[in-house]
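# Per-entry structural report
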Amino acid sequence: MNTRAIGADKETTACDYLIQNGVKIKERNFRCRQGEIDIIGYDGQYLVFFEIKYRKTTSKGSAVEAVNYKKQHKICRVSDYYRMIHHCPDNTPIRFDVVAIDDNEIMWYKDAFYYC
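Below or above, wherever it landed, is the structure these notes cover. (Residues numbered from 1 in each chain as written. Predicted model: local features only at pLDDT ≥ 70, side-chain atom pairs only at ≥ 80, totals over all residues. Heavy atoms only, no water.)

One finds I40, F49 and F113 to be the most contacted residues of the largest nonpolar core, which totals 17 residues. When residues of this core are traced back to their parent elements, those giving at least two are β1 (24-32), β2 (35-43), β3 (46-55), α2 (69-85) and β4 (94-102). Broken down by element, the residue count for this core peaks at four residues, all from α2. Residues in contact with F49, not counting those within four places in the same chain, are I37, I39, I40, I75, S79, Y82, R83, I94, R95, F96 and D97. With eleven residues, the next largest nonpolar core counts C15, V48, I101 and W108 among its residues. (Core = buried A, V, L, I, M, F, W, Y, C linked by side-chain atoms within 4.5 Å. Buried < 20%, exposed > 50% of the residue type's maximum accessible area, 1.4 Å probe, protein only. Helix = DSSP H or I, 4+ residues; strand = E, 2+ residues; numbered from the N terminus. Contact = heavy atoms within 4.5 Å.)

Rendered as structure tokens:
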């Protein structure tokens, strides 16, 4: 299985996990010129932008460590565009979460980073 197929499989795994935990998925793989957001959904009142990261081993660091400041900044820019084209009110509570999959262990980091 190539890397793209593995990534798609892990995103599906994360999506299933989030649905089981009450998240209402609105969109997957939202793309625009600024970048991509893996999953967008609602967790209660929060509009949540999810970054999914997978690592087979931790030899290059854990999955959550891969979501560095540069990646966070890109996700924030994409989230701005998403909220603009979907006419989300300015007072919509938003959150940036990371679902990290290290080998086969899934960890959901709520409020993994703040808007930057």
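Here we take up the pairing of β2. Here β2 lies mainly inside the structure; seven of its nine residues are buried. Bridging between β1 and β2 involves seven bridges; their strand directions are antiparallel. By the bridge assignment, F30 is partnered in β2 with I37. Taking the residues between adjacent antiparallel strands as the criterion, β1 and β2 are bridged by two residues. Summarising the sheet, β2 and β3 pair through five bridges and their orientation is antiparallel. Its bridge partner being in β3, Y42 is matched across the sheet by L47. What sits between β2 and β3 in their antiparallel hairpin is a turn of two residues, with G44 showing a positive phi close to 65°. (Pairing = 2+ DSSP bridges.)

This paragraph deals with unusual backbone geometry. Its identity as a non-glycine residue notwithstanding, N29 has a phi of 50°, on the positive side. Mapping N29 onto the fold places it in strand β1. Classification of N29 by relative accessible area gives partly exposed; the value is 24%. The backbone of D111 sits at a positive phi, close to 55°, despite the residue not being glycine. Here D111 shows up in strand β5 (residues 105-113). On the basis of relative accessibility, which here comes to 40%, the residue D111 falls in the partly exposed class.

Side-chain pairs of opposite charge can arise where the charged atoms are in close proximity. Scanning the entire structure with this criterion turns up seven salt bridges. The shortest N-O distance in the salt bridge between D43 and R95 comes to 2.7 Å. Of this pair, D43 sits in strand β2 while R95 is found in strand β4, placing the two residues 52 residues apart along the sequence. Note on accessibility: D43 and R95 belong to one class, buried. The partner of K110 in a salt bridge is D43, and the shortest N-O contact between them spans 3.6 Å. (Salt bridge = Lys/Arg side-chain N within 4 Å of Asp/Glu carboxyl O.)

With the rule as written, the count across this model stands at zero disulfides. The thiol sulfur of C76 is not disulfide-bonded, and the nearest other cysteine sulfur, from C116, lies at 3.8 Å. Look at C76 and you get buried, because its relative accessible area is 1%. (Disulfide = S-S within 2.5 Å.)

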